[in-house]
Amino acid sequence: MIGTRIAAVGHYQPARVLTNEELEEMVDTSDAWIRSRVGIRTRRIAGPDEPVDELAAHAAAKALASAGIESAAVDLVVVATSTAIDRSPNTAARLAARLGMVSPATLDLNVVCAGFTHALATADHAVRAGAAERAVVVGADKMSQVADWTDRGTCVLVGDGAGAAVVTAGHAESGGAGIGPVLWGSVPGLGHAVRIEGTPPRFAQEGQSVYRWATTTLPPIARKVCERAGTTPEELAAVVLHQANLRIIEPVAAKLGAVNAVVAKDVVESGNTSAASIPLALSKLVERGEISTGDPVLLFGFGGNLSYAGQVVRCP
């Protein structure tokens, strides 16, 4: 029986660090206000000459190198993003061209902050169905180019970056089935609570609505994700939620009951990087050795469209 696994992960962030102290000079805010409301200290900001596909390509190249897989062997690229400016060629196709891939299927997927977990499920399904053998899944966003830098309620949140995973086939009987079943859905009637709209497009949200939804509705759904994987929250080695806001991450993780897990809090140094946030945080946990190969990890994305998607994966 064919299963799937994450063979390796990688991440990339721009060099430019934007601190809370710098934001104090841009809008009516303060370091103390930002830390108390969202928990963020710094975020990375891409330059005008760093498009989303470049961020994505750096992360993908790192993941492929870690997996020991040549770019030419990849037959599926799925990029989750909501901030790419151009429609065609899409971000996945531009990433493939940058890395010298030969003939992969190239898909962009826009589910905003839940994009990576949707994209990972899409690649998982494709490999299980025999439609692909080696896939690269990337979450990449340049939130700085859709931010309203005069709105202190949203501009303090955003950061830029990319995270990637290499997905390959694995035989379940040998422990290779490392990506559990996805649980996904949305609340279409509340989709307006998180928006990137207009010309030029700008990010806006109804913060209190999102907070209430995330902290009350999502913990039971996250527990169901664990049930689908045959794992209890107590067995999790790590919990990697969308890095939206520390005031959301901490209560959701606590209500989940993952008492033995490392809870990713990359939002503190990276801000909200939308679709990049989960793979970015996961890659850093792996790189720092905070989780080990084979450990069960909950990935759970939520946000734009008031969409959500999660799965339990085994650490590469």
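Preceding this section is the structure that the text describes.
Our subject in this report is the structure included herewith. (Residues numbered from 1 in each chain as written. Predicted model: local features only at pLDDT ≥ 70, side-chain atom pairs only at ≥ 80, totals over all residues. Heavy atoms only, no water.)

1. Some points on the overall build of the protein
Our working definition: In DSSP terms, a helix is any run of H or I states spanning at least four residues, a strand is any run of E spanning at least two, and both are numbered starting from the N terminus. As defined in this context, the radius of gyration uses C-alpha atoms, and a globule is described by 2.2 Å times the residue total to the power 0.38. Throughout, exposure labels follow a simple rule: accessible area from a 1.4 Å probe, protein chains only, divided by the maximum for the residue type, with under 20% read as buried, over 50% as exposed, and the rest as partly exposed. We call two residues contacting when some pair of their heavy atoms lies within 4.5 Å. Working definition of accessibility: Shrake-Rupley area with a 1.4 Å probe, residue cover restricted to the visible protein chains. Only four residue types enter the tally: Lys and Arg on the positive side, Asp and Glu on the negative side; His and the chain ends are excluded. Every charge is mapped onto a representative atom, which is NZ of Lys, CZ of Arg, CG of Asp or CD of Glu.
For the protein, the count of helices and strands is 10 helices and 14 strands. In terms of C-alpha radius of gyration, the protein reaches 18 Å, essentially the compact-globule figure of 20 Å for 316 residues. For the protein, the spread of C-alpha atoms along the principal axes amounts to about 55 × 45 × 40 Å. Within the protein, the proportion of its 316 residues that are buried is 56%. In the protein, of all internal contacts separated by at least 6 residues, the share reaching a separation of at least 24 is 75%. Element-wise, carbon and sulfur atoms account for 50% of the exposed surface of the protein, whose accessible area totals about 12,300 Å². Each charge sign in the protein was given a centre, from 27 positive and 32 negative side chains, and these centres are 4 Å apart.

2. As for the packing of aromatic side chains
Inclusion rule: A pair of Phe, Tyr and Trp rings is counted when the ring centres sit within 6.5 Å of each other, with Trp represented by its six-membered ring. The angle between the planes then sorts it: under 30 degrees is stacked, over 60 is edge-to-face, the rest tilted.
Applying the stated rule across the entire model yields two aromatic pairs. Centroid distance Trp213 to Phe302: 6.5 Å. Interplanar angle 70°. Geometry classified as edge-to-face. You can see Trp213 sitting in helix 7 (residues 207-228) and its partner Phe302 sitting in strand 13 (residues 296-303), a full 89 residues away along the chain. Residue classification places Phe302 among the buried residues on the basis of a relative accessible area of 2%.

3. Brief notes about the pattern of salt bridges
Here is the rule we go by: Within this document, salt bridges are pairs made up of a side-chain nitrogen of Lys or Arg and a carboxyl oxygen of Asp or Glu, the two lying within 4 Å of each other.
Applying the stated criterion to the full structure yields 14 salt bridges. We note a salt bridge from Arg195 to Glu206, for which the minimum N-O separation is 3.7 Å. Taken together, the residues Arg195 in strand 9 (residues 194-197) and Glu206 in the loop between strand 10 (202-205) and helix 7 connect sequence positions 11 residues apart. Taking the relative accessible area as the measure of exposure, Arg195 reaches 24% and is therefore partly exposed. Note on Glu206: relative accessible area 29%, which makes it partly exposed. One network of salt bridges, in which partners are shared, links Asp53, Glu54 and Arg98.

4. Considering the nonpolar core
Where a protein is soluble and globular, its nonpolar side chains tend to be buried together. Stated precisely, the cut-off is as follows: To qualify as a nonpolar core, a set must consist of buried Ala, Val, Leu, Ile, Met, Phe, Trp, Tyr and Cys residues joined through side-chain atoms within 4.5 Å.
Grouped together as the largest cluster of nonpolar side chains are 45 residues, with contacts concentrated most on Leu218, Leu236, Val239, Leu298, Phe300 and Phe302. Counting only elements with at least two residues in this core, the list comes to helix 2 (31-38), helix 7, strand 11 (238-241), helix 8 (246-256), helix 9 (267-270), strand 13 and strand 14 (307-314). For this core, the element with the highest residue contribution is helix 7, accounting for eight residues. The residues contacting Phe302, other than those within four sequence positions of it, are Cys113, Ala114, Trp213, Ala214, Leu218, Leu241, His242, Ala244, Ile248, Ser307 and Tyr308. With 34 residues, the next largest nonpolar core counts Leu76, Val127, Ala275 and Leu285 among its residues.

5. Considerations on unusual backbone geometry
Cis geometry is found at the peptide bond from Ser88 to Pro89, where omega equals -5°. For Pro89, the location among the structural elements is in the loop between strand 4 (76-80) and helix 4 (91-98). With an omega of -5°, the peptide bond between Thr199 and Pro200 qualifies as cis. Along the polypeptide, Pro200 turns up in the loop between strand 9 and strand 10. A positive phi angle, near 50°, is found at Val112, a position not held by glycine.

6. Some remarks on the packing of helix 3 (residues 52-67) against helix 4
For clarity, the cut-off: Helix axes are fitted to C-alpha atoms over the stretch in contact, other axes to C-alpha atoms as well, and angles between N-to-C directions run from 0 to 180 degrees. Angle categories: roughly parallel below 35 degrees, roughly antiparallel above 145, roughly perpendicular from 65 to 115, and oblique for all the rest. For any pair of crossing helices, the crossing counts as left-handed if the nearer helix is rotated counterclockwise from the farther one by less than a right angle, and right-handed if it is rotated clockwise. Charged residues are taken to be Asp, Glu, Lys and Arg, nonpolar residues to be Ala, Val, Leu, Ile, Met, Phe, Trp, Tyr, Cys and Pro, and polar residues to be all remaining types, Gly included.
Here helix 3 crosses helix 4 at 55°, and the two axes come no closer than 9 Å. Here helix 4 runs oblique to helix 3, going by the angle between their axes. As for the relative orientation of helix 3 and helix 4, their crossing is right-handed in sense. For the pair formed by helix 3 and helix 4, the contact residues are Val52, Asp53, Glu54, Ala56, Ala57 and Ala60 on the first element and Thr91, Arg94, Leu95 and Arg98 on the second. Here the contact of helix 3 with helix 4 is built from residues that sort into five nonpolar, one polar and four charged.

7. A look at the pairing of strand 5 (residues 105-109)
Quick reminder of the rule: Strand pairing requires that DSSP identify at least two bridges connecting the strands. Orient the strands so they point away from the viewer; a crossover is then right-handed if the path from the first strand over the helix to the second runs clockwise.
Summarising the sheet, strand 4 and strand 5 pair through five bridges and their orientation is parallel. From the neighbouring strand, Ala80 faces strand 5, where its bridge partner is Leu109. Handedness of the crossover joining strand 4 and strand 5 through helix 4 is recorded here as right-handed.

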